[in-house]
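Secondary and tertiary structure notes
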Amino acid sequence: MEKQTLIIRADADKQMGTGHIMRCISLAQEWEKQNGKVTFVSSLPNDALIERLKALNFNICLIDKPYPDPMDIETNVSITKKKAATALVVDGYHFLPDYHEKIKAAGIKLLIIDDYNHLPFYHADIILNQNLGAHKFVYKTLPDTITLSGPDFIMLRDEFLTANRQKRQRIGSPANVLVTMGGTDPDNVTLKVLTALDHLQKQTLNIKIVLGPGNQNGHLIHREAAKSAHTCQIITNATDMPGLMLWADIAVSAGGSTAWELLYMQIPSLFIVTADNQALSMAQIAQSGAGINAGRHTDLSAGDISKKASALLQDTSLKDQITQNCARLIDGRGRKRVVSHLRGAGPT
């Protein structure tokens, strides 16, 4: 059987972060598992991400003049047609309705990955919103558009789906704390979290701080870590996130795509909202009892974070309850369901 091609259009930079690319990797992995080929069409001023995509053996077409430059649409449509692709996936808030409309006008099957219904209209065959609370959105769409909403469609990368979650360590002394604030962390929330944890002088901690491939604040983080009363290890471009999560007693994390990975790995976590599109999902996570929503980083002092982290560390029953609630939320079959819809097979 001839392999079907999927085109994925997603970007990454220090402002938008790396989350769009990372969640599309999970979709690409599933597509290839089901006898397919994937090409990423991307603007990526990030050598580490490019190398990661190459290491995973995906084809990459780099765009020098990304949208809103009109050459972006022309290039994308041309590549999709030349490869006779089954479908095109577009993931990014900066792609506006005219972009999607022109792709549809070219007769291309289009899936748009969305998070917060921010566009006035969605020209798409399929809209995917994998977040908790996505069912609350009423999308304005074409009459035959299919909407895939909620955690049944959360897409996880191979390393999480193959991880042995039973190997997770339980709390000891000192406690293990994982800090992960996204691929770029432009507002340097990591530094505020590290400062907050240093306030916990009565608790001895082992802290592992993950710095994403686009983080520009490494020198500040290293300086703060060197002064910490706790044992700190800084990990740049982590290659084993499941292992780091299994090591942790708790995590302090941004509310992006890493949140779904932490929930799947059943790690008691304190989530900090670092972008507007995360607010609803983090509120829903807290409501479901699968994590603690600390709120927006702009509203939090280091002292606020310190108190919330300390409370989670000390409450064993709360941690156990969070772990149990996490287990009920994500079954790990989300990307299979998305691929099934892309291939026209419907729900699984």
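Now for a look at the structure at hand. (Residues numbered from 1 in each chain as written. Predicted model: local features only at pLDDT ≥ 70, side-chain atom pairs only at ≥ 80, totals over all residues. Heavy atoms only, no water.)

**With respect to the layout of surface pockets**
For the largest pocket, the calculated volume is near 1100 Å³. When residues of the lining of the largest pocket are traced back to their parent elements, those giving at least two are α1 (19-33), α2 (47-55), β9 (205-211), β11 (250-254), α9 (258-264) and α10 (279-288). When residues of the lining of the largest pocket are assigned to their parent elements, the largest contribution, four residues, is made by α1. Across the lining of the largest pocket, the residue classes tally to 17 nonpolar, 22 polar and eight charged. (1 Å grid on protein atoms, 1.4 Å probe; cavity = no way out; pocket = protein on both sides within 12 Å on 5 of 7 lines; lining within 4 Å. Points joined across faces, edges and corners; volume = space filled by probe spheres on them. Helix = DSSP H or I, 4+ residues; strand = E, 2+ residues; numbered from the N terminus. Nonpolar A, V, L, I, M, F, W, Y, C, P; charged D, E, K, R; others polar.)

**Looking at the environment of Ala302**
Positionally, Ala302 belongs in helix α11 (residues 302-314). For Ala302, a relative accessible area of 15% gives the class buried. In this structure Ala302 touches Lys192, Thr195, Ala196 and His199, once residues within four positions along its chain are discounted. (Buried < 20%, exposed > 50% of the residue type's maximum accessible area, 1.4 Å probe, protein only. Contact = heavy atoms within 4.5 Å.)

**Considering unusual backbone geometry**
A cis geometry characterises the amide bond from Tyr67 onward to Pro68, with omega recorded as 20 degrees. Phi is positive for Asn35, close to 60 degrees, though the residue is something other than glycine. Following the sequence through the fold, Asn35 ends up in the loop between α1 and β2 (36-42). Since its relative accessible area comes to 28%, Asn35 is described here as partly exposed. At Asn188, a position not held by glycine, the phi torsion is positive, near 50 degrees. By the secondary structure assignment, Asn188 is in the loop between β8 (175-180) and α6 (189-198).

**Remarks on helix α3 (residues 70-82)**
Since the α-helix packs 3.6 residues into each turn, any two residues three or four apart lie on the same face. Over its 13 residues, α3 runs 19 Å from end to end, which matches the ideal 18 Å to within 8%, given 1.5 Å per residue. Those residues of α3 that sit buried are Asp72, Ile73, Asn76, Val77, Ile79 and Thr80. For α3, the angular spread of buried residues about the axis comes to 165 degrees, placing them on one side. Pointing more than 90 degrees away from the buried face of α3 are the exposed residues Pro70, Glu74 and Lys82. Where α3 is buried, its residues touch β1 (4-10), β2, β3 (59-62), β4 (87-91) and α4 (97-105). Of the residues that open α3, the one with a side-chain oxygen 2.9 Å from the backbone nitrogen of Met71 is Asp69. (Expected span 1.5 Å × (residues − 1). Arc of directions from axis to C-beta. Polar contact = N/O pair within 3.5 Å; in protein donor to acceptor, adjacent residues only side chain to side chain.)

**Digging into α11**
End to end, α11 covers 18 Å across 13 residues, agreeing with the expected 18 Å (1.5 Å per residue, within 8%). Taken together, the buried positions of α11 are occupied by Ala302, Ile305, Ser306, Ala309, Ser310, Leu312 and Leu313. Taken end-on, α11 shows its buried residues confined to a sector of 165 degrees, consistent with a single buried face. Exposed residues lying more than 90 degrees from the buried face of α11 are Lys307 and Gln314.

**A few points about the nonpolar core**
In this structure, Val177, Val193, Leu197, Ile272 and Ile285 are the most contacted members of the largest nonpolar core, which totals 59 residues. Excluding residues within four positions of it along the chain, Val193 makes contact with Val179, Met181, Val252, Ile272 and Ile305. In terms of nonpolar packing, the next biggest core, distinct from the first, is built from 30 residues, Ile21, Leu27, Ile113 and Val338 among them. (Core = buried A, V, L, I, M, F, W, Y, C linked by side-chain atoms within 4.5 Å.)

**A look at the packing of α6 against helix α7 (residues 218-227)**
Following both chains from N to C, one finds α6 and α7 inclined at 5 degrees, their axes separated by 10 Å at the closest point. The angle between α6 and α7 places the two elements in the roughly parallel class. Where α6 abuts α7, its residues Thr190, Leu191, Leu194, Thr195 and Asp198 lie against Leu220, Ile221, Glu224, Ala225 and Lys227. Its residues assigned to classes, the contact of α6 with α7 comprises five nonpolar, two polar and three charged. (Axes fitted to C-alpha atoms, helices over the stretch in contact; angles between N-to-C directions. Parallel < 35°, antiparallel > 145°, perpendicular 65-115°, else oblique.)

**A closer look at the packing of aromatic side chains**
Following the criterion strictly, the structure yields seven aromatic pairs and no others. With a centroid separation of 5.0 Å and an interplanar angle of 75 degrees, the aromatic rings of Tyr67 and Tyr99 are classed as edge-to-face. Of this pair, Tyr67 sits in the loop between β3 and α3 while Tyr99 sits in helix α4, and the two are 32 residues apart along the sequence. Taken individually, Tyr67 and Tyr99 each receive the classification buried, so the pair is uniform in this respect. A ring pair is formed by Tyr122 and Tyr139, whose centres lie 5.0 Å apart and whose planes are at 90 degrees; its orientation type is edge-to-face. (Phe/Tyr/Trp six-rings, centres within 6.5 Å; stacked < 30°, edge-to-face > 60°.)

**Brief notes about the sheet that holds β11**
Spatially, the six strands line up as an open sheet ordered β10-β9-β8-β11-β12-β13, and their pairing is parallel. What marks the edges here is a single partner per strand, and that holds for β10 (231-236) and β13 (292-296). Recorded for the sheet is a direction-independent mean angle of 15 degrees between the axes of neighbouring strands. As judged from the four bridges shared by β8 and β11, these two strands associate in the parallel manner. Along β11, the bridge assignment pairs Val177 with Ile250. Packed onto the sheet, α7 meets β9 and β10 and runs at close to 165 degrees relative to β10. (Pairing = 2+ DSSP bridges.)

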